[in-house]
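# Fold and geometry: a report
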Amino acid sequence: MEVQEILSHLERNEGHFARSAVREAVAHRDQIIPPLLEVLESAARDPQSFARDPNRMIHLYAMYLLAQFRETRAYPLLVQMFSAPGELPFDLAGDTVTEGLDSILASVSDGDMTGMASLVENERANEYVRSAALKGLVTLVACGKRSRDEVVAYFKGLFCTLERTYSLIWDSLASRCTDLCAEEVREDLRRVHEQGLIDPFYIRWEGIEGALGVGKEAAMKVLNERYRLIDDAEKEMSWWACFEENKHRKVKLGWDTPIRKAPKVGRNEPCPCGSGKKFKKCCG
């Protein structure tokens, strides 16, 4: 395929994963990178135009392909895209915000923490984007791009600089600290837990203490299993339930991948379990 033909196949969701076009994009890596970067530039400049059309897919293909290519020029564009406030990041990228953005950011960063840190510290950014950025930083440790001590030191500083009101960022920070077995921030975690900044429904103090007690070596072993970079855009995307071919069957990707069903309630509506929390902060 010529580059323009590849791009035309990636433009929209036609009911199936654009497998041939993705493979051709990988085969023509050097030629396809510039137009994929142009796609992200357009999405960063005017995310609303992409968010308004739920069948437009090219920016998602671009994100995963450029992550696979380790294209660092995509990094500031993605940071700009996902700095958008409110629900716009979800309108733009759907579940990728919670299930892939962390790996994508880490993959295009080449170990640079700056962009992800700017998302974490951006109080206007969507709380799930900020959480994904924290996970991206842990991914840098898992893949050897940053040392554990560097990231833990950054996390320790966040206890002094983050806004002192509850949001998902505190829950996520606590979880990421436990992932790194960050004994260095035990007292910081205790303090914010006592101040009610960590939701016990999300992570209890007993769970924090237990995770901090497993030891750095054991924690790093688990870390390397859980956090990874994007190495194969086809594998990452081909099973998505938005493609008609996957709606009523499982796709073999070396294991049986369950197809998730969309929630029956809105993300900001009360959770049907009766907890009184928003769906997105509870069973969602």
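Because the structure is predicted, anything quoted here is derived from the model rather than measured. (Residues numbered from 1 in each chain as written. Predicted model: local features only at pLDDT ≥ 70, side-chain atom pairs only at ≥ 80, totals over all residues. Heavy atoms only, no water.)

The helix and strand tally for the protein stands at 17 helices and two strands. Counting the 284 residues in the protein, one finds 51% classified as buried. A sequence separation of at least 24 residues applies to 68% of the contacts in the protein between residues at least 6 apart. In the form shown here, the protein has an accessible surface area of approximately 13,500 Å², with 49% of it arising from carbon and sulfur atoms. (Helix = DSSP H or I, 4+ residues; strand = E, 2+ residues; numbered from the N terminus. Buried < 20%, exposed > 50% of the residue type's maximum accessible area, 1.4 Å probe, protein only. Contact = heavy atoms within 4.5 Å. Areas by Shrake-Rupley, 256 points an atom, 1.4 Å probe, with all protein chains shown as cover.)

Time to look at the environment of S238. Within the element layout of this structure, S238 appears in the loop between α17 (233-237) and β1 (251-252). For the pair S238 and R19, spaced 219 residues apart in sequence, the C-alpha separation works out to 7.5 Å.

Tallying each qualifying case throughout the model produces 20 salt bridges. A salt bridge links R130 to E163, with the shortest nitrogen-to-oxygen separation between them at 2.7 Å. On the criterion of sequence distance, the pair formed by R130 in helix α11 (residues 127-142) and E163 in the loop between α12 (148-161) and α13 (168-179) is long-range, its members being 33 residues apart. You can call E163 buried: its relative accessible area is 14%. Each of R19, R23 and E234 takes part in a single network of salt bridges with overlapping partners. (Salt bridge = Lys/Arg side-chain N within 4 Å of Asp/Glu carboxyl O.)

Structurally, the position occupied by D188 is in helix α14 (residues 186-194). Looking at D188, its side chain comes within polar contact range of the side chain of K156, at 2.6 Å. Each residue touching D188, except ones within four places of it in the same chain, is listed here: K156 and F159. (Polar contact = N/O pair within 3.5 Å; in protein donor to acceptor, adjacent residues only side chain to side chain.)

Let us now look at the packing of aromatic side chains. Within the structure shown, the criterion is met by seven aromatic pairs. With a centroid separation of 5.6 Å and an interplanar angle of 70°, the aromatic rings of Y64 and W240 are classed as edge-to-face. Here the residue Y64 occupies a position in helix α5 (residues 58-68), and W240 occupies one in the loop between α17 and β1, the gap between them amounting to 176 residues. Like W240, Y64 is buried. By the ring-pair criterion, three or more aromatic residues cluster together here, those being F17, Y61, Y64, W240 and F243. (Phe/Tyr/Trp six-rings, centres within 6.5 Å; stacked < 30°, edge-to-face > 60°.)

Remark: helix α3 (residues 29-45) packs on helix α6 (residues 74-81), axes separated minimally by 8 Å, with the N-to-C direction vectors making an angle of 25°. One way to sum up the angle between α3 and α6 is to call them roughly parallel. Relative to α6, the crossing made by α3 is left-handed. In contact with L37, L40, E41, A43, A44 and R45 of α3, α6 contributes A74, L77, L78, Q80 and M81. Classifying every residue of the contact of α3 with α6 gives eight nonpolar, one polar and two charged. (Axes fitted to C-alpha atoms, helices over the stretch in contact; angles between N-to-C directions. Parallel < 35°, antiparallel > 145°, perpendicular 65-115°, else oblique. Left-handed = near helix turned anticlockwise from the far one by under 90°. Nonpolar A, V, L, I, M, F, W, Y, C, P; charged D, E, K, R; others polar.)

The next point concerns the nonpolar core. Counting 93 residues, the largest nonpolar core has L78, F155 and L189 as its most contacted members. Among the elements that make up this core, the one with the highest residue count is α11 (ten residues). Look past the residues within four positions of F155 in its chain and what remains in contact with it is L134, L137, V138, L173, R176, C177 and L180. (Core = buried A, V, L, I, M, F, W, Y, C linked by side-chain atoms within 4.5 Å.)

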